[in-house]
Amino acid sequence: MIALGALIFVVVFQIAKASEYVSILKGEDKTRKQNNKINAFFLLGFLVFGLIGAWYCNELYYGKTLFPQGSASIEGEAIDTMMIVTIVLTGIIFVITQVLLFWFSFKYQEKDNKKAFYFAHSTKLELVWTTIPAIVLAVLVVFGLKAWFKITGDAPKDSIVVEVTGHQFAWEFRYPGADKVLGKKNYKLTTAKNNLGVDFNDPASHDDIHVNTTMHIPVGVPVKMVIHSQDVIHDVGLPHFRLKMDAVPGIPTTQWFTPKITTADMKKKTNNPDFTYEIACDQLCGSSHYAMRGVIIVETMEEYKKWLAEQVSEYSTLYPKTATTDSTKLVTQVLPEKK
Amino acid sequence: MDFGPYRKEKIKNMSSVATLQHEGVHGSHDAHHEHHHHETFITKYVFSQDHKMIAKQFLVTGIIWAIIGGLFSVVFRLQLGYPEATFPWLEDLFGHWAAGGKLKPEFYYALVTMHGTILVFFVLTAGLSGTFANFLIPLQVGARDMASPMLNMLSYWFFFLASTIMFASLFVQTGPASGGWTIYPPLSALGETSSGAKIGMDLWLVSMAMFIVSSLLGGLNYITTILNMRTKGMSMTRLPLTIWALFFTAVLGVLSFPVLLSGAILLLFDRNLGTSFFLSDIVVAGKILPNEGGSAILFQHLFWFLGHPEVYIILLPAMGMSSEIISVNSRKPIFGYMAMVGSVFAIAILAFLVWAHHMFVTGLNPFLGSVFVLLTLLIAVPSAIKVFNWLTTLWRGSIRFTPGMLFAIGFVSLFISGGLTGIFLGNSALDLHLHDTYFVVAHFHIVMGVASMFGMFAGVYHWFPKMFGRYMNNTMAYIHFWVTIIGAYLIFWPMHYEGLAGMPRRYYDYSGWTSFNMFNGLNEFISFVAMIVFAAQLLFVFNFFYSMYKGRKCTSTNPWGSNTLEWTTPINPGHGNWPGEIPEVHRGAYDYAKDGREFTPQNVPVGDDESKGH
């Protein structure tokens, strides 16, 4: 491999040297004109093959992007529409400008019988290409911001709340239980067992459910995630739902969406029995960042309720005695971890 | 900014007095020669105060860094392209970091971090504007040297110091910084979070502080020289576009780098003095930290307040040089000189007002986000003006495809491709999907990385004869160009598709993911092309150093038939640039094809029969 590289290198160098001598023999001007023609032709070829290549690349990889399967959340649909509009508009500008660039380069290559045309400026032309991009961008900004405000606006009141916590290198989830209120947390209460630092003095925490890695949510109902991080910045990346939100230590963030296709339906739709909604950490968070994987299972309301009913509250797992006698009573005395 | 003819004359006299005091008599050719004998190796090549030599020092240091940074990318592309394979020679090279011939994740991230840091700061900031601001400003404005040759020399040596510290950090036991070139805390603030966040991170911050000092010393010098030391007749509106671009680059650097310095210092405090600027509510490695009340997001504001202008610090010199080279080789005036200056000015202003578009998904207030969307997309307007003006410059030209010209055309092509994808990322709604995916990697590599590299290559090929009095070899240059532009598109174009599939950047291995494991073949292809493109860059490096000593000698002072003042100096100008008087300027820099003359240099007086140009 290295020997081959070195060989190519030596050959290129010899040719380069030789062509320099030849050019001196032939006359520099003649060589220059010859090089000019070759490069002008290559530029045109680059344009043609480049556009064909762009088309071919699209043929190869469009199917592997997320667009053919559509957004798995209702909010993501606006993003997909925006994306298509932007691709079309920028695509048109891309083709026009690249074609002009390479076509002009080829067409106006130096020729003996032609001289450059003195054309230093034209206010009219410059106004045209100030105004048109400004209008196009105004359109994109208006539609983009409409989607943006909808997605980042307040979550609907009937949303299911799930607390998402990231730490090196895993995701954990907390559900508020029957009272629909998450118990308070204080990071200073964190222990090996109570690893989220839940304040079990808060009665609201007693029915909270704590699960690792896999998050269950019902289809068709808005889900509001309250996002925390315990150590460094992580990011809840949900490519199928077209969303992303950082998990920042000390500053909780939120993100809501309405899943519209269950995992089971998506397996059928994509013809992929392994299909999984994955949570990808999208903010570099350390050596196992690439393996900080979470899973979302979108299921029907019945399945979700059944799953929820099977879960045991974290409080009753950690303090089985107190929990069974009276789960609503303050438990200050029996908390060994409390300082 | 026009000081009037009287003032200009006075300044010119002052500047020549300054140079006289400093370096001895330059007024006449003989005097210069006399002085030349006193120059030792140390004063001529090491602690030189000649802006041309300092430019070459920046360039050579930049090339060395580019080889290191490029090599790192090839090494981590090996992991991405061939995640199953082992390469025993990696262990020979990197020891325990690649035990068994496979990179450790920690080291992979260190390579990624160093690749970014090296290319963004050491190559495309110091290597690019350090080289060409130093080389071109005095030569093109008609000055004998920079306003302060001493500060200029210090600027290089602070860069050298920064380089030394960063290079040393590659060899510390816990490895160099590995939190990404954006060094977001708490990952960069707490040694417990990763081994790269230990001493390597402190060295990174100290190195960057030195780098910022270098950048400020350089930038203040560039601004002062451009404003005060223009030759007689060189009004601001007669400056070549290279100078305008380098001027705004320097302004951006002087106003934004100090903010990064403050961020770096606060981070050093958090790391070593127990402060909580960026830390709050943290449990790491089972330890509950006492820090409360800090904001990790604050750092991102400080970082990107430099970080975004930095993108333009990298890009503007490439724009300026491409403008100049396209005009010279089209044998036509640059179209819309004033619009070009105006759009660079607009970009420079807007560059300060868009930083939070890197932070749309940090939990930023959505209203604030919307303001940044508007301001970000506004940048597309001056960018579009520039592109159309370049296209119109080519239109009905008489184009000579010198290697410099090819790279300038390549720059425009890449700037279009990468600029358009910026419209996606600047729109916050789309950024929700695309943020931190390979779409971003594709976008910034094309528009900032490769495009600016093309600007730099264009500059090196174009001004090589002025730097060394010799030409670079054309055949090698053409091969270099074609392999690089084809390779760059093959590498980065398909990455957009990976990004549209949501594939996150900065992943060591995708095999554990059902959502992203379908791009194995593509990743292998990209890695393969990256190796070829890297090899082609070695051809450039070889051509550069070979031609420096053995290249064809220049016989003409003005080989490209160019209008700007640097080509009125001797083939090998000494310190002081012009052996006699500094030429007086009578016209703008772009009188090509005017009144039937192929080109009319700036120092040619306006004839009675001449039509009015701009």
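Located above this text is the structure these notes cover.
The residue numbers shown here count from 1 along each chain, following its written sequence. Naming scheme: in the order in which they are written, chains are lettered from A and ligands are numbered from 1. A pLDDT threshold of at least 70 governs which residues receive local features in this predicted model, and a stricter bar of 80 or more applies before side-chain atom pairs are shown or counted, although totals over entire chains, interfaces and linings include all residues. Side-chain descriptors were evaluated using all non-hydrogen atoms of the structure, hydrogens and water having been removed beforehand.

*Asks:* Describe the overall build of chain A, naming the residues involved and giving the relevant values.
*Replies:* Secondary structure summary: chain A contains eight helices and ten strands in total. Computed over its C-alpha atoms, the radius of gyration of chain A comes to 31 Å, more than 25% above the 20 Å expected for a compact globule of 339 residues. Based on the C-alpha atoms only, the size of chain A along its principal axes is roughly 100 × 55 × 40 Å. Burial classes: relative accessible area under 20% of the type maximum marks a residue as buried, over 50% as exposed, and values in between as partly exposed (1.4 Å probe, protein chains only). Residues counted as buried form 48% of the 339 residues belonging to chain A. Any two residues whose heavy atoms approach within 4.5 Å at even a single point are treated as in contact. For chain A, restricting intrachain contacts to residue pairs at least 6 apart in sequence, the fraction spanning at least 24 positions comes to 69%. Calculation of accessible area relied on Shrake-Rupley with a 1.4 Å probe; when residues are assessed, cover is drawn exclusively from the protein chains displayed. Summing over all exposed atoms, chain A offers an accessible surface of approximately 16700 Å²; the carbon and sulfur share of this is 66%. In chain A, 35 side chains carry a positive charge and 33 a negative one; their mean positions are 8 Å apart. A run of H or I in DSSP counts as a helix once it spans at least four residues, and a run of E counts as a strand once it spans at least two, with each numbered from the N terminus. Each radius of gyration reported is based on C-alpha atoms, and the globular scaling rule is 2.2 Å times the count of residues to the power 0.38. Counted as positive: Lys and Arg. Counted as negative: Asp and Glu, with His and the chain ends omitted from the count. Taken as the charge centre is NZ of Lys, CZ of Arg, CG of Asp or CD of Glu, depending on the residue.

*Asks:* Go over the overall build of chain B with me, naming the residues and quoting the values.
*Replies:* Counting secondary structure elements, chain B contains 19 helices and four strands. Its C-alpha radius of gyration of 25 Å places chain B within 12% of the 25 Å reference for a compact globule of 614 residues. Each of the three principal axes of chain B carries a C-alpha extent, and together these read 80 × 50 × 50 Å. For chain B, buried positions account for 68% of its 614 residues. Taking all contacts inside chain B whose residues are at least 6 apart in sequence as the whole, residues at least 24 apart take part in 78%. Of the roughly 18800 Å² of accessible surface on chain B, 68% is carried by carbon and sulfur atoms. Of the charged side chains in chain B, 33 are positive and 33 negative, and the gap between their average positions amounts to 8 Å.

*Asks:* Describe the sheet that holds strand 1 (residues 160–167) of chain A, naming the residues involved and giving the relevant values.
*Replies:* Residues and elements named next belong to chain A. Should DSSP find at least two bridges between two strands, the strands are taken to pair. The five strands lie next to each other as 3-2-1-5-8, forming an open sheet whose pairing is mixed. Where the open sheet ends on each side, the last strands, each with one partner, are strand 3 (209–212) and strand 8 (253–257). On average, each strand axis in the sheet is inclined to that of its neighbour by 25 degrees, with strand direction left out of account. Think of each axis as a best-fit line through the C-alpha atoms, taken over the contacting stretch in the case of a helix, with angles from 0 to 180 degrees between the N-to-C directions.

*Asks:* Could you give an account of the packing of aromatic side chains, with specific residues and numbers?
*Replies:* Pairing of aromatic side chains requires ring centres within 6.5 Å, counting the rings of Phe and Tyr and the six-membered ring of Trp. Pairs whose planes differ by under 30 degrees are stacked, by over 60 edge-to-face, and all others tilted. One pass over the full model with this rule turns up 92 aromatic pairs over all chains. Between the aromatic rings of B:W181 and B:W304, the centroid separation amounts to 5.9 Å while the plane-to-plane angle is 90 degrees, which identifies the pairing as edge-to-face. Of this pair, B:W181 sits in the loop between helix 7 (149–169) and helix 8 (199–228) while B:W304 sits in helix 10 (residues 296–330), and the two are 123 residues apart along the sequence. One exposure class covers both B:W181 and B:W304, and it is buried. Seen from their ring centres, B:F248 and B:F345 are 5.4 Å apart, and the 40 degrees between their planes marks the pair as tilted. Note that B:F248 is positioned in helix 9 (residues 241–272) and B:F345 in helix 11 (residues 337–351), a separation of 97 residues in sequence. According to the relative accessible area criterion, B:F248 is buried, its value standing at 7%. We count a charge as sitting over a ring when the NZ of a lysine or the CZ of an arginine lies within 6 Å of the ring centre and within 35 degrees of the ring normal. Geometry around A:F117 places B:R396 over its ring, the cationic atom sitting 4.0 Å from the centre. For B:R396, the ring lying beneath its charged end belongs to B:W395, and the centroid distance is 5.6 Å.

*Asks:* How would you summarise the nonpolar core if you had to cite specific residues and measurements?
*Replies:* Buried residues of nine kinds, namely Ala, Val, Leu, Ile, Met, Phe, Trp, Tyr and Cys, make up a nonpolar core once their side-chain atoms join them within 4.5 Å. The biggest cluster of nonpolar side chains holds 285 residues, and the ones touching the most others in it are A:M215, B:F121, B:W390, B:F411 and B:F544. No other element matches the 23 residues that helix 6 (residues 105–141) of chain B contributes to this core. In this structure A:M215 touches A:V162, A:V164, A:F173, A:Y175, A:V223, A:M225, A:V295, A:I296 and A:I297, once residues within four positions along its chain are discounted.

*Asks:* Hey, could you go over helix 14 (residues 403–426) of chain B for me, with residue numbers and the actual values?
*Replies:* The end-to-end C-alpha distance of helix 14 of chain B is 34 Å, a good match for the 34 Å that 24 residues give at a rise of 1.5 Å each. Of all the 24 residues making up helix 14 of chain B, 23 are buried; the element is thus mostly covered by neighbouring parts of the structure. To estimate the expected span of a helix, count its residues, drop one, and scale the result by 1.5 Å.

*Asks:* Lay out the pairing of strand 1 of chain A with the relevant residues and their values.
*Replies:* Residues and elements named next belong to chain A. Along strand 1, seven of the eight residues are buried, which leaves the element largely enclosed by surrounding structure. Two strands pair when backbone bridges link them, and strand 1 and strand 5 (residues 223–229) are joined in this way by seven bridges, in the parallel orientation. Looking at the pairing, V162 lines up with M225 of strand 5. One ladder, built from five bridges, connects strand 1 with strand 2 (residues 170–175); its direction is antiparallel. Residue H167 lies in a different strand from strand 2, and its bridge partner there is A170.

*Asks:* I'd love a proper account of the pairing of strand 9 (residues 277–281) of chain A, names of residues and values included.
*Replies:* All names here are of chain A. Burial analysis of strand 9 places five of its five residues in the buried class, the great majority of the element. By the alternation rule, side chains of strand 9 split into Y277, I279 and C281 and E278 and A280, which are all buried. In the sheet, strand 6 (residues 234–238) pairs with strand 9 via two bridges, with the strands oriented antiparallel. Counted as the bridge partner of V236 is C281 from strand 9. The pairing of strand 9 with strand 10 (residues 293–299) spans four bridges and is antiparallel.

*Asks:* Pulling in residues and values, what's your account of the environment of A:E303?
*Replies:* Residues and elements named next belong to chain A. Locating E303 in the fold gives a position in helix 6 (residues 301–310). In this structure E303 comes out as partly exposed when scored by relative accessible area, which is 44%. In this structure, the C-alpha to C-alpha distance between E303 and P218, residues 85 residues apart in sequence, is 7.9 Å.

*Asks:* Quick one: what's the story with the pattern of salt bridges, residue by residue and with numbers?
*Replies:* Any carboxyl oxygen of Asp or Glu within 4 Å of a side-chain nitrogen of Lys or Arg constitutes a salt bridge here. For the structure shown, the criterion picks out 28 salt bridges over all chains. Close ionic contact of A:D29 with A:R32 constitutes a salt bridge, the shortest N to O distance being 3.1 Å. Residue A:D29 and its partner A:R32 are both found in helix 2 (residues 28–61); the two are separated by three residues, about one turn of the helix. The partner of A:R174 in a salt bridge is A:D208, with the nearest N and O atoms 3.1 Å apart. Of the two residues, A:R174 is situated in strand 2 and A:D208 in the loop between strand 2 and strand 3; the sequence distance between them amounts to 34 residues. Residue classification places A:R174 among the buried residues on the basis of a relative accessible area of 0%. A single salt-bridge network, built from bridges that share partners, covers A:D29, A:R32, A:K33, A:E110, A:D112, B:R331, B:R400 and B:E598.

*Asks:* Account for the interface of chain B and chain A, naming residues and giving values.
*Replies:* Facing the 125 residues of chain B at the interface are 109 residues of chain A. The interface formed by chain B and chain A holds three salt bridges in total. Among the salt bridges present, the one from B:R400 reaches A:E110, with a minimum N-O distance of 3.3 Å. Side-chain atoms alone can form a polar contact between residues adjacent in sequence; in general such a contact is a pair of N or O atoms within 3.5 Å, and within protein one must be able to donate a hydrogen while the other accepts it. Summed over the shared surface of chain B and chain A, the result is 34 residue pairs in polar contact (both at pLDDT 80 or more). Residue contributions to the side of chain B that touches chain A peak at ten residues, all from helix 13 (residues 380–394) of chain B.

*Asks:* Before we move on, can you summarise unusual backbone geometry with the specific residues and values?
*Replies:* That bond from A:Q168 to A:F169 is cis: its omega, -5 degrees, falls within 30 degrees of zero. Topologically, A:F169 is positioned in the loop between strand 1 and strand 2. Of the consecutive residues B:P185 and B:P186, the connecting peptide bond is found in the cis state with omega at 0 degrees. Tracing the sequence through the fold places B:P186 in the loop between helix 7 and helix 8. The phi dihedral of B:D281 is positive, around 50 degrees, even though this residue is not glycine. With respect to the secondary-structure elements, B:D281 resides in the loop between helix 9 and strand 1 (283–284). Although it is not a glycine, B:A593 sits at a positive phi angle of roughly 60 degrees. Structurally, B:A593 can be placed in strand 3 (residues 592–594).

*Asks:* So what's going on with the packing of helix 16 (residues 438–468) of chain B against helix 19 (residues 520–550) of chain B? Residues and values would help.
*Replies:* Residue and element names in this part refer to chain B. Running from amino to carboxyl end, helix 16 crosses helix 19 at an angle of 10 degrees, the nearest separation of the two axes being 11 Å. Overall, the two elements helix 16 and helix 19 adopt an arrangement that is roughly parallel. From helix 16, F457, V460, Y461, F464 and F468 reach across to helix 19, where they touch Q537, F540, N543, F544, S547 and M548. Small angles under 35 degrees read as roughly parallel and large ones over 145 as roughly antiparallel, with 65 to 115 read as roughly perpendicular and the rest as oblique.

*Asks:* Break down the packing of helix 14 of chain B against helix 17 (residues 474–492) of chain B for me, citing the residues and quoting the values.
*Replies:* All names here are of chain B. Between helix 14 and helix 17, the shortest axis-to-axis distance is 10 Å and the interhelical angle comes to 10 degrees. The orientation of helix 14 relative to helix 17 falls into the category roughly parallel. Every residue of helix 17 that contacts helix 14 at P403, L406, F407, G410, S413, L414 and S417 is listed here: N474, A477, Y478, H480, F481, W482, I485 and Y489. Taken together, the residues that form the contact of helix 14 with helix 17 break down as ten nonpolar, five polar and no charged. Nonpolar residues are Ala, Val, Leu, Ile, Met, Phe, Trp, Tyr, Cys and Pro. Charged residues are Asp, Glu, Lys and Arg, and all others, Gly as well, are polar.

Function-wise, these values are silent; they only describe arrangement.
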